[in-house]
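Take a look at the letters that make up each chain.
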Amino acid sequence: RVQPQFHRRTHPPPDPARVHQEKMEEDEDLHAERNRSRILCLQARELVLAGDIAGAMDIAMSAKAIRRRGGGGVDGEDLGDDEQRMQRTNNSCQSFQTTTATALDDKRLVFKLHKQRFVELAASAQTREETQSALTWCRENLAPVAMEAYPEAYHEFKQAMLAITMSVCGKASQGREGGDGDGTGADATLSSLSERSALAAALSQSMRKVTGASEPQLLLVLRLLSILHNVYCQTREDVQSPVQDLLGAIFASIDAESMLPEEGVLGCFPEIDVQTLSGAVQISRQQAIEALKHTRGDIHFALQNELCKIQLDQSQVDAMLVEYVAYRGLRDVWDVMQVERKLDEQDLRKYQLGFRIGELLATKSSSIVSEVTRELNNFHERLLADHAGMRFELKRYQLLERLERGDVGEALDVARSDLGAIARQEPALVPRLKQTMYHFMSSSNLGESCSERDSTRAEKKDAARSLVQEIMDACGLSEPGLVKILKCCLDVHTRWFEMQKCED
């Protein structure tokens, strides 16, 4: 008897390149959503600081948690082009799920926000009707939340009611006595209840925790390096930081400790994590434990939260980024960021020239000096002729390039015919000429060795940096502030961990 054969339909294995592409697209979508969440966190924070509690709560309610779904999509190799396109769209939509969780699920935070809104309504009330409206809002919204937020909430509610009642009575008595008083006492009573700064920090942190908002890595690195920079300068009285003023300009303030301690989490974490977090952001051991409680022991997320407490002056950061974009010659990014027009087109061309020369000097080409000369002459025909230091560094680079190739005779010709003549015209360049010739003599006597090649390569890099700096000085430009900060702070980072005899 012949058994019926059932043939299961099989699909070919998925294309690895296609899977990788889809994974990259999902990562980009997730990054975009987290960046959007970060912007919402900033907006909610600013609204709380401005006293618009209702607007901040609306934003917090709209900021949902975005998480990646597990599993993969359905294989569509046997589908038509239109069907495959629709299948990819459906898979993309199903790659992430929006949960219903928001920062306002925390009843403690809701009570704090409602109490602050009541304070704002009472402080802005100018008539009896406005005061009555504030009290009605309190009875309908704040009182019910105070009963179940946390044990101390109802006591805080009664204190707020008493203080606001006394403030209203104070304003009324001043009005009956002729209005000579300026209401300072009543305003001080209301101001003592205001918690805008702490509340803004608490709401922002809760929203970041729920939504998974991501902070740009550059800003996190800047914060971390600045902390290390300050610690190093404080421990070494002989060190004068060249970027202290720049760092002071971009850092605005530091948030206070969270008003909402994490509940239901034991403070039992590996001591190495506690000590590492404490040392990285310069907080106490107990503060490090509290920070780890908020992230359930995730030290990386705890570090990010602590760094985000350092508030930046966004206008100063934007100015530095625009300056750096111009310095790097990133034309497309420049066009996008030119909305505020912090730099003009002429400055952009100057920065692009310096960066272009730096790129040319980093390439390996026998005609590199002639290419650099052509670039400089195209920018301005008198640029090289009018700046002896620029000509000297270009010829110095040419000498070192020939020395690296082993052409000692040609390198000597450059020293005799070019470097010597330029130094005679500009006596201030004589020390540089002596240093270059000392390296020439030392390298020539060593023969072909690794130490010779390494030394010449280092001198070439120094000549390239000096040439770019000469170009920027001639154009009236200084090194971008962001580059100065990173150079100095990374140097301090290296020195600090050499002192500590450990790794970061």
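Everything discussed here concerns the structure shown above.
Everything numeric here is computed off the predicted structure, so don't read it as measured data.

Rules used throughout
- Residues numbered from 1 in each chain as written.
- Predicted model: local features only at pLDDT ≥ 70, side-chain atom pairs only at ≥ 80, totals over all residues.
- Heavy atoms only, no water.
- Helix = DSSP H or I, 4+ residues; strand = E, 2+ residues; numbered from the N terminus.
- Buried < 20%, exposed > 50% of the residue type's maximum accessible area, 1.4 Å probe, protein only.
- Contact = heavy atoms within 4.5 Å.
- 1 Å grid on protein atoms, 1.4 Å probe; cavity = no way out; pocket = protein on both sides within 12 Å on 5 of 7 lines; lining within 4 Å.
- Points joined across faces, edges and corners; volume = space filled by probe spheres on them.
- Nonpolar A, V, L, I, M, F, W, Y, C, P; charged D, E, K, R; others polar.
- Arc of directions from axis to C-beta.

Student: Would you take a moment to explain the environment of Ile 283 for this structure?
Tutor: You can see Ile 283 is positioned in the loop between helix H11 (271-281) and helix H12 (285-294). Judged by its relative accessible area of 15%, Ile 283 is buried. Between the C-alpha atom of Ile 283 and that of Glu 306, which follows or precedes it by 23 residues, the distance is 9.2 Å. Apart from residues no more than four positions distant in its own chain, Ile 283 is found in contact with Leu 277, Ser 278, Ala 288 and Glu 306.

Student: Help me understand empty space enclosed by the protein in this model?
Tutor: A probe matching the size of a water molecule, rolled over the atoms, marks out where space remains unfilled. Following the criterion strictly, the structure yields three cavities of 30 Å³ or more and no others. Its boundaries defined by the atoms lining it, the largest cavity holds a volume of some 60 Å³. Lining of the largest cavity is provided by Arg 45, Ala 201, Ser 204, Gln 205, Arg 208, Asp 255, Ala 256, Cys 308 and Lys 309. Of all the elements, helix H8 (residues 196-211) adds the most residues to the lining of the largest cavity, at four residues. Residue composition of the lining of the largest cavity, grouped by class: three nonpolar, two polar and four charged. Taken as a whole, the second largest cavity encloses approximately 40 Å³ of empty space. Lining of the second largest cavity is provided by Leu 218, Leu 219, Leu 222, Ile 250, Val 317, Met 320, Leu 321 and Leu 482.

Student: What exactly am I supposed to notice about H11 here?
Tutor: One full turn of an α-helix is made of 3.6 residues, so residues set three or four places apart face in the same direction. Here H11 has its buried residues at Val 274, Leu 277, Ser 278 and Val 281. For H11, the arc enclosing every buried residue in end-on projection is 100°, short of the 170-degree limit, so these residues lie on one face. In this fold, the buried residues of H11 make contact with helix H9 (217-235), H12 and helix H13 (299-308). In the stretch just after H11, Gln 282 is the one whose phi turns positive, near 55°.

This is a description of form; function is not addressed.
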